[in-house]
Amino acid sequence: MVEERKIPKTMSTQHPDNANIPNWCKGTVIEGDAEIEEAYYVYSQLNCQEVMWDSEGKDVDIRVIRKLLEKYPNFFAENQIGKDVFLTYRVPNPKIEGAEKKVFVETLYNITVACDVASTFYKREVIPIFEVVLPFTTNAEELIWLYEYYRKAVAATGEVFLNENLKVEDWVGCFKPRNIEVIPLIEDFDSILAVDRIIEPYMKIVKPKYLRVFIARSDPALNYGLLCAVLLAKISLSKMKLLGKKLNIDVHPILGVGSLPFRGHLSPENVEKFLNEYRGLSTVTVQSALKYDYPIDQVKNCINILNKSLPNGEPITVEIAEEEKLIAILHKSRCFYEKVVEELAPLINSVASYVPARRARKLHIGLFGYCRRIGSIALPRAIPFTAALYSLGIPPEMLGSRIFTELKEDEFKLIQKYYINLKHDLEVASGYVSWRNIEIIKDNCKLLAEKTGTSVEKLRTAINEVLSDLDTIEKTFGINLGPKTYLTKKHENFVNNFLLSYIEGDKEGASSSLVEAAIIRRCLG
């Protein structure tokens, strides 16, 4: 079956970046059976080919296959799960889970339950789930452990003798599939740069017929800044291509992207530029803002373009000499970004508390876990982080831009070679800069410092660094920052109202203005 399967091109995810609530959701938070309905909706109405079912960081219904087949039998009779449409679990990583490590075990066992349910429905052996995503992958051992745990502790359960005559499979049936495919999700700076060294041992030991590799785009932006996030992705795509050719195993990259430039810039207006920017992809994520914050005709058209266009050729090969130069630039860029974010963190965290929940999630702490960290500073997750900065009128795309004053001409040209749409992305984000808000923050530093638990000096330093970043963007790229269209001017009015309400302690007014601004920019964060 694996040899015949197609690689899905569009993966619907449960990332809660939508400003609008879908009309089929009864409350403000998508959870429970609403996520079952959502899966059917994205398959049947939007033509997404895959759904990532996320048991990492949130509670999900592990009876999803049974509920889909029971509720929508006609659709799934014509569209077989595991062949025509796909559902892929993201499992918790036991390395970073605390009390809930066994959710990993529960999720893997449910793969065999789903097989029984689907086989009964289709009246033949059907394996609906045979791949899992392992988040926070940092070495090959974790991939091998997951592969072997499933094979030896789950699939082999049926071989256990209950007495001298009776095996488990004689009593409760066999456990299929016998093996699963593991998809590493690689998210941190060092691991993305070492993607080939992480996946090569796994490929040599397991010898998969193909390997899907998931590269994060949002968390690297949160942790290291826009420039780092894009260039890290480009280097990893090049490394995967070269390794696949070396081992003669097809490597199929997945890129996890949102719709704002900071988180990947996959949107209906930007889909062609996105495909040109990130060449060499097999699959991209379709997150909630893309699904629910645009008119449905635009959403369908965007997804159809992706389904027709992917895989979109091969990535540019990054030569070793260029890679070394890029990595040196990345380290410099990361330092500029981290410094300003550390100083802004108390304000960002305070504003992020106004960002509405769109999915039911659990907060837990771990290595690059749900409480993100830069240095010793705790940060919100990527979506509320991005939403907070846009709501302040300081798009995160701009932060750390002082790096461009430090670059030599050949370094700047190298960045332009590998980040094709750099100026375009900055121009799109530039319309959401609010000079009025920045002046309000400057004029109210003492009050805001007290409100957010930071020092006046630290906040003033942060704002001066933001102004320096903005000045660098204007001088380096010739971009006039600030609202230029009716929509971005309306957006500025709402973020002005947000900031004033926030300062006054008007929680209801602040929350309302934050959401109205997000609806205008078609994304929460």
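What you see is a predicted model; the values in this text were computed from it and never measured.

**Student:** Any chance you could explain helix 22 (residues 507-521) here in plain terms?
**Tutor:** Three- or four-residue spacings in an α-helix give side chains the same orientation, since the helix completes a turn every 3.6 residues. Helix length check: helix 22, at 15 residues, gives a terminal C-alpha distance of 21 Å against a target of 21 Å (1.5 Å per residue), a fit within 8%. Every buried residue of helix 22 is listed here: G509, A510, S513, L514, V515, A517, A518, I520 and R521. For helix 22, the elements touching its buried residues are helix 15 (382-392) and helix 21 (486-504). Phi turns positive one or two residues past the end of helix 22, at R522, with a value near 65°.

**Student:** I keep staring at the pairing of strand 3 (residues 86-90) and nothing clicks. Help me out?
**Tutor:** In summary, the side chains of a regular strand alternate between the two faces of the sheet. Among the 5 residues of strand 3, 5 are classified as buried, and the element is accordingly described as predominantly covered. A two-sided burial pattern is seen for strand 3, the buried positions comprising F86, T88 and R90 on one face and L87 and Y89 on the other.

**Student:** How should I be thinking about helix 14 (residues 320-352) in this particular structure?
**Tutor:** The first and last C-alpha atoms of helix 14 sit only 40 Å apart over 33 residues, clearly below the 48 Å expected at 1.5 Å per residue. L344 marks where helix 14 bends most, by close to 55°; the proline P346 follows one to four residues later.

**Student:** Explain the packing of aromatic side chains here, please?
**Tutor:** Two aromatic rings, taken as a pair, are described by how far apart their centres are and by the angle between their planes. Summed over all chains, the structure comprises 21 aromatic pairs. For the ring pair F75 and F76, a centre distance of 4.9 Å and an interplane angle of 90° mean the geometry is edge-to-face. Taken together, a centroid distance of 5.9 Å and an interplanar angle of 20° make the contact between F498 and Y502 stacked. Separated by 4 residues within a single helix, F498 and Y502 lie in helix 21, roughly one turn from each other. When its relative accessible area of 0% is taken as the criterion, F498 is described as buried. These aromatic residues form a ring-pair network of at least three members: Y40, Y43, Y72, F75 and F76. Sitting above the plane of the Y278 ring, K234 keeps its charged end 5.5 Å from the centroid. Sitting over the face of the ring of Y502, K451 holds its NZ or CZ atom 4.7 Å from the ring centroid.

**Student:** Help me out: how do you make sense of the sheet that holds strand 8 (residues 283-286) in this one?
**Tutor:** Within a beta sheet, neighbouring strands are joined by backbone hydrogen bonds and run either parallel or antiparallel to one another. Around the barrel, which closes on itself, the 8 strands sit in the order 1-2-3-4-5-6-7-8 with parallel pairing between neighbours. Across the sheet, the mean angle separating the axes of adjacent strands is 30° when strand polarity is ignored. Pairing between strand 7 (residues 250-256) and strand 8: 2 bridges, direction parallel. Of the residues in strand 8, the one forming a bridge with I254 is T283. In the packing of helix 10 (residues 226-247) onto the sheet, the strands contacted are strand 6 (210-216) and strand 7, and the crossing angle to strand 7 comes to about 165°.

**Student:** It is not clear to me how the nonpolar core should be interpreted in this structure. Could you clarify?
**Tutor:** Grouped burial of nonpolar side chains is what soluble globular proteins tend to show. Membership of the largest hydrophobic core comes to 164 residues, with the highest contact counts inside it found for F76, L108 and Y502. With sequence-adjacent residues up to four places away left out, Y502 is seen in contact with L347, S350, V351, Y354, L448, K451, T452 and A510. If you look at the next biggest cluster of nonpolar residues, it comprises 8 residues, including M11, F214, A216 and I254.

**Student:** I would appreciate a short explanation of the packing of helix 18 (residues 435-443) against helix 20 (residues 456-477) in the present structure.
**Tutor:** In helix packing, the relevant descriptors are the interaxial angle and the interaxial distance, both defined with respect to the helix axes. At a closest axis distance of 11 Å, the pairing of helix 18 and helix 20 adopts a crossing angle of 155°. With respect to helix 20, the element helix 18 is oriented roughly antiparallel. The two elements helix 18 and helix 20 meet at a crossing, and its hand is left-handed. Across the interface between the two elements, W435, I438, I441 and K442 from helix 18 touch I463, L467, L470 and E474 from helix 20. Classifying every residue of the contact of helix 18 with helix 20 gives 6 nonpolar, no polar and 2 charged.

The rules behind the values
Residues numbered from 1 in each chain as written. Predicted model: local features only at pLDDT ≥ 70, side-chain atom pairs only at ≥ 80, totals over all residues. Heavy atoms only, no water. Helix = DSSP H or I, 4+ residues; strand = E, 2+ residues; numbered from the N terminus. Expected span 1.5 Å × (residues − 1). Buried < 20%, exposed > 50% of the residue type's maximum accessible area, 1.4 Å probe, protein only. Contact = heavy atoms within 4.5 Å. Bend = angle between axes of the 7 residues up to and from the residue. Phe/Tyr/Trp six-rings, centres within 6.5 Å; stacked < 30°, edge-to-face > 60°. Lys NZ or Arg CZ within 6 Å of the ring centre and 35° of its normal. Pairing = 2+ DSSP bridges. Axes fitted to C-alpha atoms, helices over the stretch in contact; angles between N-to-C directions. Core = buried A, V, L, I, M, F, W, Y, C linked by side-chain atoms within 4.5 Å. Parallel < 35°, antiparallel > 145°, perpendicular 65-115°, else oblique. Left-handed = near helix turned anticlockwise from the far one by under 90°. Nonpolar A, V, L, I, M, F, W, Y, C, P; charged D, E, K, R; others polar.

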